[in-house]
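# Geometric and topological summary
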Amino acid sequence: MNSQTETVGLGPSLVGSRGLRASVSLLPGYLPGLALAGTITACAYVCDAAFGVPLMVTALVLGLAVHELPLGKAYAAGIDFAARPLLRAGVAMLGAGITAQQIAPLGLATVLLAMSGVAATLACGILVAKALGLDRASGLIYGGSVAICGASAAMAISAVLPDTERNRATTAVAVVGVTVLSTIAMVAYPLIATALGMSDHQAGIFFGAAIHDVAQVVGAGYTVSDLAGETATIVKLIRVACLIPVVGGMTWLAARSVGAASEGAGRAMPSILPWFLVGFVVLSAIASSGVVPEAVLDGVSGAAKIMLVTAIAALGCKTSLTALLRIGVRPVLMLVMPTLALMTGILACLLALPDTF
């Protein structure tokens, strides 16, 4: 697989009829690494059930520990598969949990508020990265994780960026950082909403539009009331749906720059739209159609979560602690500043236009 196809998609080795046959023939080589990532994932679920430790963080930490072991090359192919293609498949399957029927009742103003928050936070992440002397990829990963849906967004964005040691370390830090900030927000934001005298509906919009991870959004919302919990969850789904234009836009920009080089060298223009974004849209459309039983859609969403946890475990296996230590203290600012900007902006809109929301 060359570096250009790695930037924008799976490349010819994993798509098409010949690629599919080749992938099947390579399956035995994937098994040791997949089994290792799967074992880490199972351990993470046990820790979550027994101690309430966040899945993503546990899987990442265990993966980082495994990286320090002398495993040998037998595990490399399966770990690489879990960290990229399996991750992309999981992102595609997230679409099964988002329907037009869930979003429509909130009204246009709430949808625009959530989407504007995503766009502004992404811009903030890029600007802060530039101010701190970090590259644009770091700004996109940190900003996107805050703007969209926490750890899942960090993983989805990293799936279309070059698979470098720096980007893997940045993604790992983003996963831990947004989980910590989301947990703090789950406790603090309901207190803020109560202090400001917000209605349950407004509080739900606030939580859904400003907290990073889905689990903490749900936790904060139902701490206040059922109405706040339901509203927060749906608003959060709007932000999750923004993965499509955000990741699609990043892929288009990558394809544009790579395409210019490809044309100059006489090579074919790479694909602009990744298959996993197409899958996301298709599954969301199927879920919205109502023809598939809800139990099946819930099963697909559950499988997507397992795949994402497995992918973060594989990412940990590919990431050295030394690389993480080289990241330094700037990621703290990269996560905290967009978080504060998002919270402040959402609150300002809700308080300035109480009759609109």
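Given the structure is predicted, the values throughout are model-derived calculations rather than measurements.

## Overview of the overall build of the chain
Along the chain, the regular secondary structure elements total 19 helices and 0 strands. Counting the 357 residues in the chain, one finds 50% classified as buried. Nonlocal contacts in the chain, meaning residues at least 24 apart in sequence, comprise 80% of its contacts between residues at least 6 apart. Of the roughly 15,400 Å² that the chain leaves accessible, carbon and sulfur atoms contribute 71%.

## Some points on the nonpolar core
Ranked by size, the top nonpolar core spans 100 residues in total, and within it F206, F207 and L243 carry the most contacts. Counting residues per element, this core draws most heavily on helix 17 (residues 294-318), at 10 residues. Once residues within four sequence positions are removed from consideration, F207 is found in contact with Y189, P190, A193, V217, A220, G221, V224, A232 and R239.

## A few points about the layout of surface pockets
Quantified by volume, the largest pocket comes out at close to 1,100 Å³. Lining the largest pocket are 37 residues, and of these L94, V214, A215, S301 and K305 lie nearest its centre. Listing elements by their share of the lining of the largest pocket, those giving two or more residues are helix 4 (55-67), helix 10 (151-158), helix 11 (165-195), helix 13 (214-224), helix 14 (226-241) and helix 17.

## Things to note about the packing of aromatic side chains
In this structure the tally under the stated criterion is 4 aromatic pairs. Taking 4.9 Å as the distance between ring centres and 25 degrees as the angle between the ring planes, the aromatic pair formed by Y30 and F81 counts as stacked. With Y30 in helix 3 (residues 27-51) and F81 in helix 5 (residues 76-83), this residue pair connects regions lying 51 residues apart in the sequence. Y30 gets classed as buried once you look at its relative accessible area, which sits at 12%.

## Digging into the side chain of S138
Mapped onto the elements of the fold, S138 is located in helix 9 (residues 136-149). The exposure class assigned to S138 is buried, which follows from its relative accessible area of 1%. Once residues lying within four places of it in the same chain are set aside, the contact partners of S138 are G143, R166, T170 and M334.

## Remarks on empty space enclosed by the protein
Following the criterion strictly, the structure yields 1 cavity of 30 Å³ or more and no others. Lining the largest cavity are 13 residues, and of these R84, S158, D163, R168 and L315 lie nearest its centre. Counting only elements with at least two residues in the lining of the largest cavity, the list comes to helix 10, helix 11 and helix 17. Element by element, the count of residues in the lining of the largest cavity is highest for helix 11, at 3 residues. Partitioned by chemical class, the residues of the lining of the largest cavity number 5 nonpolar, 4 polar and 4 charged.

## Thoughts on the packing of helix 6 (residues 85-93) against helix 17
Contact geometry of helix 6 with helix 17 gives a least axis separation of 8 Å together with a crossing angle of 150 degrees. Between helix 6 and helix 17, the crossing angle belongs to the class labelled roughly antiparallel. Here helix 6 and helix 17 pass one another in a crossing that is left-handed. Along its contact with helix 6, which presents L86, L87, A89, G90, V91 and M93, the element helix 17 presents V300, A303, A304, M307, L308, T310 and A311. When its residues are assigned to classes, the contact of helix 6 with helix 17 shows 11 nonpolar, 2 polar and no charged.

## Let's talk about the confidence of the model for the chain
On average, the chain scores 84 in pLDDT, and the residues at 70 or more come to 86%. Highest mean pLDDT in the chain belongs to helix 12 (residues 200-210) (96); lowest belongs to helix 1 (residues 3-8) (33). Taken together, the stretch residues 1-20 has pLDDT below 50 and engages in 36 contacts with residues farther than four places along the chain or on a different chain.

## Looking at the packing of helix 8 (residues 108-131) against helix 9
Packing of helix 8 against helix 9 leaves a shortest axis separation of 8 Å and a crossing angle of 150 degrees. With respect to the hand of their crossing, helix 8 and helix 9 are arranged in right-handed fashion. Of the residues in helix 9, those touching helix 8 at V118, T121, L122, G125, I126 and A129 are R136, G139, L140, G143, G144, V146, A147 and I148. Of the residues that constitute the contact of helix 8 with helix 9, the class distribution is 8 nonpolar, 5 polar and 1 charged.

## Some details on the pattern of salt bridges
Tallied over the entire structure, the rule returns 3 salt bridges. Across the pair D80 and K318 runs a salt bridge whose closest N-O atoms are separated by 2.7 Å. Residue D80 is found in helix 5, and its partner K318 is found in helix 17; the two are separated by 238 residues along the sequence. Overall, the relative accessible area of 17% leaves K318 in the buried class. When the shortest N-O distance is used, the salt bridge between R168 and D163 registers 3.2 Å. Here R168 falls in the buried class, since its relative accessible area comes to 15%. Residue D163 is classed as partly exposed on the basis of its relative accessible area, which comes to 29%. Here the salt bridges do not stand alone but share partners, grouping D80, D163, R168 and K318 into one network.

Criteria and cut-off values
Residues numbered from 1 in each chain as written. Predicted model: local features only at pLDDT ≥ 70, side-chain atom pairs only at ≥ 80, totals over all residues. Heavy atoms only, no water. Helix = DSSP H or I, 4+ residues; strand = E, 2+ residues; numbered from the N terminus. Buried < 20%, exposed > 50% of the residue type's maximum accessible area, 1.4 Å probe, protein only. Contact = heavy atoms within 4.5 Å. Areas by Shrake-Rupley, 256 points an atom, 1.4 Å probe, with all protein chains shown as cover. Core = buried A, V, L, I, M, F, W, Y, C linked by side-chain atoms within 4.5 Å. 1 Å grid on protein atoms, 1.4 Å probe; cavity = no way out; pocket = protein on both sides within 12 Å on 5 of 7 lines; lining within 4 Å. Points joined across faces, edges and corners; volume = space filled by probe spheres on them. Phe/Tyr/Trp six-rings, centres within 6.5 Å; stacked < 30°, edge-to-face > 60°. Nonpolar A, V, L, I, M, F, W, Y, C, P; charged D, E, K, R; others polar. Axes fitted to C-alpha atoms, helices over the stretch in contact; angles between N-to-C directions. Parallel < 35°, antiparallel > 145°, perpendicular 65-115°, else oblique. Left-handed = near helix turned anticlockwise from the far one by under 90°. pLDDT = per-residue confidence, 0-100. Salt bridge = Lys/Arg side-chain N within 4 Å of Asp/Glu carboxyl O.

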